[in-house]
Amino acid sequence: HVDITAHLKSGRNLVTGYSTLIKASDVILVVEQNRIRNIKEIEAEIRARRPPTVVAKGEDDDVEELVSEVSLLCPLSYSRIETPVKSTNCRHITCFDLESLIEFARQCYQWMCPICKKGAPYGTLYVDTFLAEILSKTEEDEERVVLLPGGGWASKKEGQGASEERTAALKALKR
């Protein structure tokens with residue numbers, strides 16, 4: 001197995017192979033042709049994807065709903081997430097920033113989730129609309145939010161959303 005990807009250029013390439021040990025009829029050449037896309041095209045394609053369907057929890061399920069905290073900072077860039085994405089391979093709540101992942105993939109030649117380390121090729125990425133909504137409704141300096149049972153969320157900043165539900169959630173987190 002020989003990978004020649006690093007030696008290929010944009011446009012047309014001629015691949016020639018020679019061997020004195022085997023006959024040409026015994027060689028199988030597998031070439032995967034990919035159209036080169038710019039970052040904006042990849043981002044637009046990912047943004048257009050619909051998130052996977054989540055099966056709702058049934059009334060008879062023995063699943064306990066817990067309060068949890070979610071970071072609004074990308075684990076790759078450590079800056080606030082602009083476009084929250086994750087892979088269909090991921091099973092965690094936390095997201096990462098689309099542009100940061102694309103830059104990481106360009107530099108390291110691998111599409112991998114920075115959180116769970118599972119493969120995250122661009123064909124499996126989707127925008128997390130729930131976190132996108134949270135990002136649009138929080139201040140730029142907000143770094144974390146609390147996810148509440150039942151699908152709600154609350155700011156962790158003092159003095160914001162001082163509801164009973166938020167207060168109880170924050171107390172639960174401090175335990």
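For every chain, the first residue of the written sequence is number 1, and numbering continues from 1 onward in sequence order. In view of the model being predicted, local features appear only for residues whose pLDDT reaches at least 70, and side-chain atom pairs are presented and counted only at 80 or more, with totals across whole chains, interfaces and linings using the full set of residues. Hydrogens and waters are ignored; side-chain quantities use all the structure's heavy atoms.

A. Representation of the sheet that holds strand β5 (residues 144-147) in the model. With respect to topology, three strands assemble into an open sheet ordered β1-β5-β6, the strand pairing being antiparallel. In this open sheet, the two strands that pair with only one neighbour each are β1 (68-71) and β6 (153-155). Strand-to-strand twist across the sheet, computed as the mean angle between neighbouring axes with direction ignored, equals 35°. Relative to β6, β5 runs antiparallel, the two being bridged by three bridges. Along β6, the bridge assignment pairs L147 with W153. By this definition, two strands are paired if DSSP reports at least two bridges between them. The way it works is that DSSP assigns letters per residue, a run of H or I at least four long becomes a helix, a run of E at least two long becomes a strand, and they are numbered from the N terminus. Between N-to-C directions, angles cover 0 to 180 degrees, with each direction set by a line fitted to C-alpha atoms, over the stretch in contact for helices.

B. Helix α1 (residues 39-48), seen in detail. For the exposure calls, accessible area comes from a 1.4 Å probe over protein chains only, and a residue counts as buried if that area is under 20% of its type's maximum, exposed if over 50%, partly exposed in between. Those residues of α1 that sit buried are I42, E43 and I46. An end-on view of α1 places all buried positions within 100° of arc, on one side of the element. The outward face of α1, more than 90 degrees from its buried face, is lined by the exposed residues K40 and A48. Here, two residues are considered to be in contact whenever any of their heavy atoms come within 4.5 Å of each other. The secondary structure elements touched by the buried residues of α1 are β2 (84-87), α2 (98-108) and β4 (125-127). In this context, the arc is that of the directions from the helix axis out to the C-beta atoms.

C. How the structure looks around the nonpolar core. Within the largest apolar cluster, 22 residues are counted, with the highest numbers of intra-cluster contacts made by F96, L125 and L131. Broken down by secondary-structure element, the contributors of at least two residues to this core are α1, α2, β4, α3 (129-137) and β5. Non-local contacts of L125, meaning those with residues more than four positions away in its chain, are made with I46, R49, K86, S87, F96, L98, L101, W111 and A120. Nonpolar cores are built from buried Ala, Val, Leu, Ile, Met, Phe, Trp, Tyr and Cys residues. Side-chain atoms within 4.5 Å join them into one set.

D. Inspection of the pattern of salt bridges at higher detail. A pair is scored as a salt bridge if a Lys or Arg side-chain nitrogen falls within 4 Å of a carboxyl oxygen belonging to Asp or Glu. Inspection of the entire model under this criterion finds eight salt bridges. The closest approach of N and O atoms between E140 and R80, which form a salt bridge, is 3.8 Å. Taken as a pair, E140 in the loop between α3 and β5 and R80 in the loop between β1 and β2 lie far apart in primary sequence, 60 residues in all. Among the residues examined, E140 registers a relative accessible area of 63% and is labelled exposed. Here R80 falls in the buried class, since its relative accessible area comes to 10%.

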